[in-house]
Amino acid sequence: MLNKMSEPLDILIFGAHADDAEIGMGATIVKHTAAGDRVGICDLTYAEMSSNGTVEKRMEEAEEAATIMGLAMRSNLGLPDRGLSLNQSCIERITLEIRKYRPKIVFAPYWQDRHPDHIACSHLIQEAVFNAKLRKYAPETEPVNVQQLYFYFINDVYEADLMVDVTDYYDKKIAALSAYRSQFVTGQDTVATPLNQGYVERVEARDRLMGQKRMIHYAEGFVSRLPLLVERFS
């Protein structure tokens with residue numbers, strides 16, 4: 001997978017499957033990479049249970065999307081699709097990934113979603129972020145204290161704590177999603193799924209509606225379990 005690592009990441013985003021991060025925050029990713037931030041994605045599974053596409057095809061599409069978004073790295077832990085569970089083996093793999101790339105900020109899927117893997121991913125990342133800072137956990141690796149953990153929405157949207165104006169970068173989000181032709185485009189060998197029945201158009205409508213709250217064209221929303229810290233109100 002894409003890996004241009006030479007220094008720690010500013011942002012590391014976790015998803016259960018390739019395309020999760022793009023759906024939830026693809027334009028926010030591009031906004032940060034365009035500003036020079038080092039952003040990476042770690043996909044937990046190869047999405048081998050997907051109704052359409054092959055593992056090889058999904059990996060090619062993920063690489064194409066990574067290039068479009070300007071990622072510094074993209075990795076895949078190869079955990080079992082539809083087999084994610086809150087066990088020590090999975091938590092350790094993710095913890096070591098955080099320690100490897102030493103991000104300042106981590107993103108995970110929101111903990112409520114129609115897809116059980118997205119829910120499991122959310123809980124796994126929360127556990128791993130906590131473990132990553134413990135000096136006596138896997139003491140052969142250096143602890144990492146992630147500054148902030150945020151959550152992004154995939155299928156279901158709840159009340160956001162903050163939103164990012166992504167109007168100027170939204171075309172890149174659509175381009176990144178379009179890389180996943182096996183998922184979002186119908187063809188001779190595909191079967192009908194929610195993803196290829198106007199899903200991208202619904203994501204765009206969702207992001208328009210989010211932006212409408214602050215009278216901007218497109219926005220992506222996020223949640224934080226911790227209170228957001230500001231220096232002062234202005």
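Look a little higher up for the structure.
The structure presented is a predicted model; accordingly, all values stated were derived computationally and were not measured.

Student: Could you give an account of the pairing of strand S7 (residues 219-223), naming the residues involved and the relevant values?
Tutor: Within S7, five of the five residues are buried, which leaves the element mostly enclosed by the surrounding structure. Along S7, one buried face is formed by Ala219, Gly221 and Val223 and the opposite face, lined by Glu220 and Phe222, is buried too. Bridging between strand S5 (residues 148-152) and S7 involves two bridges; their strand directions are antiparallel. Bridge assignment links tyrosine 152 to a residue of S7, and that residue is phenylalanine 222.

Student: Quick one: what's the story with unusual backbone geometry, residue by residue and with numbers?
Tutor: Even without being a glycine, aspartate 19 presents a positive backbone phi close to 105°. Mapped onto the fold, aspartate 19 is located in the loop between strand S1 (11-15) and helix H1 (20-34). Residue alanine 138 is not a glycine yet carries a positive backbone phi of 45°. Along the chain, alanine 138 turns up in the loop between helix H4 (116-132) and S5.

Student: Before we move on, can you summarise helix H5 (residues 170-178) with the specific residues and values?
Tutor: When we look at burial in H5, the residues that qualify are Tyr170, Lys173, Ala176 and Leu177. Down the axis of H5, the buried set is contained in an arc of 115°. They therefore lie on one face. Contacts made by the buried residues of H5 are with H1, helix H2 (55-69), helix H6 (181-184), helix H7 (199-212) and S7.

Student: Run through the side chain of serine 224, naming residues and quoting values.
Tutor: Summarising the element assignment, serine 224 is placed in the segment after S7. Among the residues examined, serine 224 registers a relative accessible area of 9% and is labelled buried. Among the polar contacts made by the side chain of serine 224, one reaches the side chain of glutamine 148 at a distance of 3.0 Å. In contact with serine 224, other than residues within four places in its own chain, are Gln148, Leu149, Tyr150 and Asp161.

Analysis parameters
Residues numbered from 1 in each chain as written. Predicted model: local features only at pLDDT ≥ 70, side-chain atom pairs only at ≥ 80, totals over all residues. Heavy atoms only, no water. Buried < 20%, exposed > 50% of the residue type's maximum accessible area, 1.4 Å probe, protein only. Helix = DSSP H or I, 4+ residues; strand = E, 2+ residues; numbered from the N terminus. Pairing = 2+ DSSP bridges. Arc of directions from axis to C-beta. Contact = heavy atoms within 4.5 Å. Polar contact = N/O pair within 3.5 Å; in protein donor to acceptor, adjacent residues only side chain to side chain.

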